[in-house]
Amino acid sequence: MKEGPDIAHIAALIGDPARANMLTALMSGKALTATELATEAGITVQTASTHLAKLAEGGLVETRKQGRHKYSSLANDDIATLLENLMGVAAKTGHLRTRTGPKDVALRKARVCYNHLAGDMGTQMYDSLRARDMLLHSGETLHLSPTGESFVTALGIDLPHLQHQRAPLCRDCLDWSERRSHLAGSLGRALLSRFIELGWAKPVADSRVIRFSSLGSTEFAKHFPL
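An account of the accompanying structure is given in this report.

Here is what the cut-offs are and how they apply
- Residues numbered from 1 in each chain as written.
- Predicted model: local features only at pLDDT ≥ 70, side-chain atom pairs only at ≥ 80, totals over all residues.
- Heavy atoms only, no water.
- Helix = DSSP H or I, 4+ residues; strand = E, 2+ residues; numbered from the N terminus.
- Rg over C-alpha atoms; globule rule 2.2 N^0.38 Å.
- Buried < 20%, exposed > 50% of the residue type's maximum accessible area, 1.4 Å probe, protein only.
- Contact = heavy atoms within 4.5 Å.
- Areas by Shrake-Rupley, 256 points an atom, 1.4 Å probe, with all protein chains shown as cover.
- Lys, Arg positive; Asp, Glu negative; His and termini not counted.
- Charge placed at Lys NZ, Arg CZ, Asp CG, Glu CD.
- Core = buried A, V, L, I, M, F, W, Y, C linked by side-chain atoms within 4.5 Å.
- Arc of directions from axis to C-beta.
- Pairing = 2+ DSSP bridges.
- Salt bridge = Lys/Arg side-chain N within 4 Å of Asp/Glu carboxyl O.

### Concerning the overall build of the protein chain
Across its full length, the protein chain carries 11 helices and 10 strands. The globule rule puts the C-alpha radius of gyration for 226 residues at 17 Å, and the 18 Å found for the protein chain is close to it. The principal-axis extent of the C-alpha atoms belonging to the protein chain is close to 50 × 45 × 40 Å. Relative to its full complement of 226 residues, the protein chain shows a buried share of 42%. Restricting to contacts in the protein chain with at least 6 residues of sequence separation, those with at least 24 account for 58%. Of the accessible surface of the protein chain, which amounts to about 12,600 Å², a share of 55% is contributed by carbon and sulfur atoms. Side chains of the protein chain carry 27 positive and 23 negative charges; the gap between the two charge centres is 6 Å.

As structure tokens, then:
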């Protein structure tokens, strides 16, 4: 085998259908138990635990114990970005799940991508900020302009706090349904949290869907016009 990163090992971990379903479920950003993940994957709890052990050993998930239960979550933002990019490739090449329903429409409109807003509303926010020169690219680096800094501060974002974190402030993330970029990074996470805090939106239980209220949709459109 040639020297370098072993992508075959990571691909094999993700490529198992049951593990792929479990990882997709963890894209909600929530920590889930083996029982919950077994339901998502359509397998027994014992089999789910075996899969989780392999995913943890491979560095894709991390597991922590709280009380009588063990909870698993994605290991970091890089894993979430990898999965979202894979979803984009799968959608673009026609590899789509055949199970459809009302939730699919809601997922495409607004959903959580690990910890930030994705879907149609996520790309709208990104495009609006870019069109008004609030988000700028310097090479491959995405950053806020002074106007963008003033804008997010007015929205109630504690920008100095975010700027002192180790995670990148702004990052492009390819949206699997829109096939365009949405905003990730600590700012993307903070904006979604702020929308929920303001009552504009709320997560739908047992789903990645983010549902905006009538007021929230109006305010979102006002702040992020196309």
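### A few points about the nonpolar core
Membership of the largest hydrophobic core comes to 31 residues, with the highest contact counts inside it found for Leu117, Leu183, Leu187, Phe195 and Phe212. The set of elements that each furnish at least two residues to this core consists of α7 (120-131), β6 (141-144), α8 (146-154), α9 (159-163), α10 (185-197) and β10 (210-212). Ranked by residue count, the leading element in this core is α10, at 5 residues. What Leu187 contacts, discounting residues up to four positions off in sequence, is Leu144, Val152, Ile157, Leu162, Leu169 and Cys170. Judged by nonpolar contacts, the second largest core, of 30 residues, contains Leu32, Ala38, Met87 and Trp176.

### Side note on helix α11 (residues 214-223)
Within the span of α11, buried status applies to Gly216, Glu219 and Phe220. Here the buried residues of α11 occupy an arc of 100° about the axis, which is enough to place them on one side. Across from the buried face of α11, at angles greater than 90 degrees, the exposed residues are Ser214 and Lys222. Where α11 is buried, its residues contact β4 (116-118), α7, α10 and β10.

### Let's talk about the pairing of strand β1 (residues 61-66)
Bridging between β1 and strand β2 (residues 69-74) involves 6 bridges; their strand directions are antiparallel. Among the inter-strand pairings, Gln66 is bridged to a residue of β2, identified as His69. In this structure, the hairpin formed by β1 and β2 is closed by a connection of 2 residues, where Gly67 is found at a positive phi of approximately 65°.

### Here's the deal with the pattern of salt bridges
Enumeration over the complete set of coordinates arrives at 5 salt bridges. Between Asp127 and Arg180 there is a salt bridge, with its nearest N and O atoms 3.1 Å apart. Taken as a pair, Asp127 in helix α7 and Arg180 in the loop between β7 (171-174) and β8 (181-184) lie far apart in primary sequence, 53 residues in all. What makes Asp127 partly exposed here is its relative accessible area of 29%.

### Some details on α8
Among the residues of α8, those classed as buried are Gly148, Phe151 and Val152. Looking straight down α8, one finds that the buried residues subtend no more than 90° of arc, so they occupy a single side. Exposed residues on α8 whose side chains face more than 90 degrees from its buried face are Pro146, Ser150 and Ala154. Buried residues belonging to α8 abut α7, β6, α9, α10 and α11. At the exit of α8 stands Gly156, carrying a positive phi of roughly 100°.

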